[in-house]
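# Structural overview for review
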Amino acid sequence: MQGGSELPGFYKLSTEERLKLLQKLAGLTEEEVKVLGNTGGLPSDIANRMIENVVGGMTLPLGIATNFLVNGKDYVVPMAIEEPSVVAAASNAAKIARVKGGFKVTNTGPVMIGQIQTVGVRDPRMAAKKLAARKKVLLAKANEQDPMLVSLGGGAKDLNVKIIESLKGPMVIVELFVNCGDAMGANAVNTMAEAVAPLVEAISGGRVYLRIISNLADRRLVKATAVFDKEALGGEEVVEGILYAYAFADADPYRCATHNKGIMNGVVAVALACGQDTRALEAGAHSYASRSGAYKPLTTWKVNKDGDLVGTLEMPMAVGLVGGAAKVHPTAKANVKILGLKTAIELAEVMGAVGLAQNFAALRALASEGIQRGHMKLHARNIAASVGATGKMVDQIADQLVAEKKIRMDRAKEILDGLSKK
Ligand code: MEV
């Protein structure tokens, strides 16, 4: 960027002033300024309260996945995502799952872990013993921080003390287990961890450094299961192909990363639509996938006695409906309403179902026709638009590109030129 990146006082400017400055620095056109400044369904003043140095908004397509039957209840599911085929794939998988009753999802409750790192302890074993013995006092101190959560049945319920060996010697780690109710819980847990730290120092004789939530939320799991009818999914050969795909992911981390990425296509799209912390979900998912020491699929696949395919997804799902963007972003609020959610657990369960559906759809496509056919029509439309096609011409050109199996810019331009001459 011209003129450096220091921008002293940038944070003090209004959104419009920041945009003007940015326009000068980056040589933006009036049109680009207009596009950046458009915050869509998120009023500028709310955006300004959500993060710092706001200049505008970034809009993603919002699609609706259909056919979801989760624990006997019907859901239409909002998904915010830039990738073609994800919404269609989820809808299609959910349709097949319906044949055998849809998705059954259970959860372990909304418990998050807060970690307090204590170093420089002379006798770690003794300190750990003392800390464990003062559990009641530590939990009481934690719970003083959030009487509202406690009054709703949540709060710090238990703690664990562990000694770890590290690059800098042994450390005593206190872990608070906090029932976060309908909140994602980062604020509540971090506040509690900070509040108990002086007590932890006094009891252990050590020095506390980090006081922070863990995103390896293995006490906040969802487990989604569905039976996919073998005829509805395309027959025995496809079932066999999916089992081979699962075995591949189980045996090879390079494949497993993509397998789990497909799951996160669904999970993150619903999360974004509902104003959730997608980074926390990703961190939780991949650390949970590695909990055995090897990186493993978040789903398992097997065949039942009828020859139908049974899929199960188990993963951390740290989501909330209070205290975060879900409560302030108008689009997220509308999406929560579309889902008809009563609790954060319900959102977590729907997201588990969508993750499983997404994995099923990806493996089914990969084990049969491949994923490119589904992708190509939308991709071709993007190519047509990017060479300047508008209106009906976009579809006309896209259809021709797909028919010719030449989904390329140069060919799109040729067709466009031909159509324009006519
Ligand atoms: C693409 O975004 C996701 C897939 O690659 C997932 C998978 O390979 O399982 C299709």
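Here the structure is a predicted model, which is why all the values come from computation and not from measurement. (Residues numbered from 1 in each chain as written. Predicted model: local features only at pLDDT ≥ 70, side-chain atom pairs only at ≥ 80, totals over all residues. Heavy atoms only, no water.)

## Let's talk about the overall build of the chain
- Helix and strand counts for the chain stand at 18 helices and ten strands.
- Considering the chain as a whole, with its 422 residues, one finds that 46% of them fall into the buried category.
- Once local pairs closer than 6 in sequence are excluded, the contacts in the chain between residues at least 24 apart make up 71%.
- Summing over all exposed atoms, the chain offers an accessible surface of approximately 21600 Å²; the carbon and sulfur share of this is 56%. (Helix = DSSP H or I, 4+ residues; strand = E, 2+ residues; numbered from the N terminus. Buried < 20%, exposed > 50% of the residue type's maximum accessible area, 1.4 Å probe, protein only. Contact = heavy atoms within 4.5 Å. Areas by Shrake-Rupley, 256 points an atom, 1.4 Å probe, with all protein chains shown as cover.)

## Observations concerning a nonpolar patch on the surface
- Taken together, M50, I51 and V328 make up a surface patch of nonpolar side chains, about 240 Å² in accessible area.
- Relative to the helices and strands, M50 resides in helix α3 (residues 44-50). (Patch = residues over 30% accessible without salt bridge, like charges linked within 9 Å, V, L, I, M, F, W, Y side chains within 5 Å. Salt bridge = Lys/Arg side-chain N within 4 Å of Asp/Glu carboxyl O.)

## Notes on the packing of helix α11 (residues 253-273) against helix α15 (residues 344-367)
- It is at 8 Å that the axes of α11 and α15 come closest, and there the two elements cross at 135°. Here α11 is positioned oblique relative to α15, judged by the angle of their axes. Note that α11 runs across α15; the crossing there is right-handed. Counting all contacts with α11, which are made through R255, H259, G262, I263, N265, G266, V267, V270 and A271, the residues of α15 involved are L347, M351, V354, G355, Q358, N359, L363 and L366. (Axes fitted to C-alpha atoms, helices over the stretch in contact; angles between N-to-C directions. Parallel < 35°, antiparallel > 145°, perpendicular 65-115°, else oblique. Left-handed = near helix turned anticlockwise from the far one by under 90°.)

## Quick look at the pattern of salt bridges
- Under the counting rule described, the total for this entry stands at 17 salt bridges.
- For D308, the salt bridge goes to K100, with nearest N and O atoms at 2.6 Å. Residue D308 is located in the loop between β9 (299-303) and β10 (309-316), and its partner K100 is located in the loop between α4 (86-98) and β3 (103-107); the two are separated by 208 residues in the primary sequence.
- Through salt bridges with shared partners, a single ionic network connects K100, D229 and D308.

## Observations concerning the site of the ligand
- Near the ligand the following residues occur: E83, R255, T258, H259, K261, G262, N265, A362, L366 and I371.
- The separation between an oxygen atom of the ligand and a polar side-chain atom of K261 is 2.6 Å.
- Here the ligand loses 86% of its free accessible area of 300 Å² to cover by the protein chains.
- Secondary structure elements with two or more residues in the shell around the ligand: α11 and α15. (Near = heavy atom within 4 Å. Polar contact = N/O pair within 3.5 Å; in protein donor to acceptor, adjacent residues only side chain to side chain.)

## Some words on a negative patch on the surface
- Taken together, the side chains of E231, E236, E237 and E240 define an acidic patch exposed on the protein surface.
- Here the negative patch gets three residues from one element, more than from any other, and that element is helix α10 (residues 236-251).
- Tracing the backbone shows E240 in helix α10.
- Residue E240 is classed as partly exposed on the basis of its relative accessible area, which comes to 40%. (Lys, Arg positive; Asp, Glu negative; His and termini not counted. Charge placed at Lys NZ, Arg CZ, Asp CG, Glu CD.)

## Considerations on the pairing of strand β8 (residues 221-228)
- Looking at chain direction, β3 and β8 are connected through five bridges and run antiparallel. Bridging from a neighbouring strand, N107 pairs with V222 of β8. (Pairing = 2+ DSSP bridges.)

## Looking at the sheet that holds strand β7 (residues 207-214)
- A sheet is described by the order of its strands in space; here four strands give the open sequence β5-β6-β4-β7, paired in antiparallel fashion. If you trace the sheet from one side to the other, it starts and ends with β5 (155-166) and β7, each paired once. The mean angle between the axes of side-by-side strands here comes to 20°, regardless of whether they run parallel or antiparallel.
- Relative to strand β6 (residues 169-179), β5 is paired through eleven bridges, and the arrangement is antiparallel. Residue pairing for β6: K162 is matched across the bridge by I173.
- On the sheet, helix α5 (residues 124-133) packs against β5 and β6 and is oriented at approximately 180° with respect to β5.

## Quick word on the packing of aromatic side chains
- This model, assessed by the stated rule, comprises five aromatic pairs.
- Measuring from ring centre to ring centre gives 5.5 Å for F68 and F103, while their planes differ by 20°; the resulting arrangement is stacked. Residue F68 is found in strand β1 (residues 62-70), and its partner F103 is found in strand β3; the two are separated by 35 residues along the sequence.
- Their ring planes at 5° and their centres at 3.9 Å tell us that F228 and F360 sit as a pair that is stacked. Remark: F360 occurs in helix α15 and F228 occurs in strand β8; sequence separation between them is 132 residues.
- Take F228: its relative accessible area is 0%, and that puts it in the buried class.
- An aromatic cluster is defined as three or more aromatic residues linked by ring pairs; in this entry it consists of F68, F103, F228, W301 and F360.
- For the cation-ring pair, R207 lies above Y209, with the distance from its terminal atom to the ring centre recorded as 4.1 Å.
- For R291, the ring lying beneath its charged end belongs to Y288, and the centroid distance is 3.7 Å. (Phe/Tyr/Trp six-rings, centres within 6.5 Å; stacked < 30°, edge-to-face > 60°. Lys NZ or Arg CZ within 6 Å of the ring centre and 35° of its normal.)

## Observations regarding helix α1 (residues 15-26)
- Taking 1.5 Å as the rise per residue, α1 with twelve residues should run 16 Å; its terminal C-alpha atoms sit 16 Å apart, in good agreement.
- Here α1 has its buried residues at T15, R18, L19, L22, Q23 and L25. Looking straight down α1, one finds that the buried residues subtend no more than 165° of arc, so they occupy a single side. Exposed and oriented more than 90 degrees from the buried face of α1 are E16, K20 and K24.
- Here the buried face of α1 lies against α2 (30-37) and α3. (Expected span 1.5 Å × (residues − 1). Arc of directions from axis to C-beta.)

## Brief notes about the pairing of β9
- Pairing of β9 with β10, which is carried by five bridges, proceeds in the antiparallel orientation. Note on β10: the bridge partner recorded for V303 is L309.
- Linking β9 back to β10 in an antiparallel pair, the connection comprises five residues, with G307 at a positive phi of about 85°.

## A look at the nonpolar core
- By size, the foremost hydrophobic cluster in this structure holds 62 residues, and its most contacted members are F68, V77, M79, F103, F228 and M315.
- Considering every element that reaches this core, the biggest residue donor is α15, with twelve residues.
- In this structure, V121, A142, A188 and A193 belong to the second largest nonpolar core, which totals 32 residues. (Core = buried A, V, L, I, M, F, W, Y, C linked by side-chain atoms within 4.5 Å.)

Geometric descriptors of this kind do not, in isolation, establish any biological role.
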